[in-house]
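Given next are the chains, with one letter for each unit.
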Amino acid sequence: MKTTLPDSSGLESVRYQLSVDDQLISLNEQLGKVIRLSFTGSIHCIHCGRRSNKSFNQGYCYPCFASLAQCDICIMSPERCHYDAGTCREPDWGMDHCMVDHIVYLANSSGIKVGITRATQLPTRWIDQGAIAALPIFRVKTRQQSGFVEDVLRKHISDRTNWRTMLKGSIPSIDLAGARDSLYELCCQDLLQLENRFGLEALQRTESVEPLAIKYPVLEYPLKVVSHNVDKNPQIEGTLMGIKGQYLILDNGVINVRKYTAYHVDISL
């Protein structure tokens, strides 16, 4: 789903559009209405278009999964980047996506977490994770450097989102700026080593940035989170009660739209 944040005040909800073939369907206006999804049984790789029996890494066929840089292990563990060793699967892709400015951030999605993303991916990354608030705390020069910083910080806070908790909606507010300052102090020696290694210009603290509040279009959150699986049940129908992260919240369960990016699905609203 494509997302747009109307403003930075947190007063207006994220705008969602569902990409179906060459059309974009606005979903906010569908809240409270019945939605029907029908999986046709066809899966096509989002990179090469090849038909596949199974989707790997949220949309790829196995050959692409095994050969593309965007599916390499260093994408999940950026501190293991091997670009400088000359073994990147796709050096041009690595130059465009990894050897560019990245943001290390704190977010409140199911509680406080640390994360990283390309600077150009904000606030999309936070919205995709269902964060209700987020705060950049470092701007660094490469993806690997962001991984090193994250590795230091996650000794003290989680780097994961509990998606079930995120979808229940009852998430207490967190003083992200206060948490940032505490982490700066707790990790001062490890961060100093990284700053000495890469330079202050490479690892810039963003102390003057304010947290961003994010609101989602939700009529009602589920009391119990039940997940739909189109591989097991190809016909899903329910009333659209909300959208958060990359999940559709129906009155009878939730569905992770991104998980089924490569699937051919007929949709009826």
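Here we summarise the structure given alongside this text. (Residues numbered from 1 in each chain as written. Predicted model: local features only at pLDDT ≥ 70, side-chain atom pairs only at ≥ 80, totals over all residues. Heavy atoms only, no water.)

### Considerations on the overall build of the protein chain
Next, step 1: A tally of helices and strands in the protein chain yields eight helices and 13 strands.
Next, step 2: What you see for the protein chain is a C-alpha radius of gyration of 20 Å, in line with the 18 Å of a compact globule of 269 residues.
Next, step 3: Projected onto the principal axes, the alpha-carbon positions of the protein chain cover approximately 55 × 45 × 30 Å.
Next, step 4: Residue burial in the protein chain is summarised as follows: out of 269 residues, 46% are buried.
Next, step 5: Residue pairs at least 24 apart in sequence account for 65% of intrachain contacts in the protein chain once pairs closer than 6 positions are excluded.
Next, step 6: Approximately 13,800 Å² of the protein chain is accessible, and the part contributed by carbon and sulfur atoms is 48%.
Next, step 7: Taken together, the 29 basic and 29 acidic charged side chains of the protein chain have centroids lying 7 Å from each other. (Helix = DSSP H or I, 4+ residues; strand = E, 2+ residues; numbered from the N terminus. Rg over C-alpha atoms; globule rule 2.2 N^0.38 Å. Buried < 20%, exposed > 50% of the residue type's maximum accessible area, 1.4 Å probe, protein only. Contact = heavy atoms within 4.5 Å. Areas by Shrake-Rupley, 256 points an atom, 1.4 Å probe, with all protein chains shown as cover. Lys, Arg positive; Asp, Glu negative; His and termini not counted. Charge placed at Lys NZ, Arg CZ, Asp CG, Glu CD.)

### Observations concerning unusual backbone geometry
Next, step 1: Pro123 follows Leu122 through a cis peptide bond whose omega is 0 degrees.
Next, step 2: One can find Pro123 in the loop between strand E6 (112-118) and helix H4 (124-128).
Next, step 3: With a phi angle near 55 degrees, Asn57 is a residue other than glycine that sits in the positive phi range.
Next, step 4: As for its placement among the helices and strands, Asn57 is situated in the loop between strand E4 (34-43) and helix H1 (62-67).
Next, step 5: A positive phi angle, close to 60 degrees, is found at Gln58, a residue other than glycine.
Next, step 6: Within the secondary structure layout, Gln58 lies in the loop between E4 and H1.
Next, step 7: Residue class for Gln58 comes out partly exposed when judged on its relative accessible area of 40%.

### Quick word on empty space enclosed by the protein
Next, step 1: Within this structure, the stated rule accounts for one cavity of 30 Å³ or more.
Next, step 2: Within this model, the largest cavity holds a volume of roughly 80 Å³.
Next, step 3: Considering the residues around the largest cavity, the lining is formed by Ala69, Asp72, Cys74, Ile75, Cys81, His82, Tyr83, Cys88, Arg89, Trp93, Gly94 and Cys98.
Next, step 4: Sorting the residues of the lining of the largest cavity by element identifies helix H2 (73-76) and helix H3 (91-97) as the ones contributing at least two each.
Next, step 5: Here the lining of the largest cavity is built from residues that sort into eight nonpolar, two polar and two charged. (1 Å grid on protein atoms, 1.4 Å probe; cavity = no way out; pocket = protein on both sides within 12 Å on 5 of 7 lines; lining within 4 Å. Points joined across faces, edges and corners; volume = space filled by probe spheres on them. Nonpolar A, V, L, I, M, F, W, Y, C, P; charged D, E, K, R; others polar.)

### A word on the side chain of Ser52
Next, step 1: The topology assignment puts Ser52 in the loop between E4 and H1.
Next, step 2: In this structure the side chain of Ser52 is engaged in a polar contact, spanning 2.5 Å, whose partner is the backbone oxygen of Lys54.
Next, step 3: Setting aside residues up to four positions removed in sequence, Ser52 forms contacts with Ile43 and Cys61. (Polar contact = N/O pair within 3.5 Å; in protein donor to acceptor, adjacent residues only side chain to side chain.)

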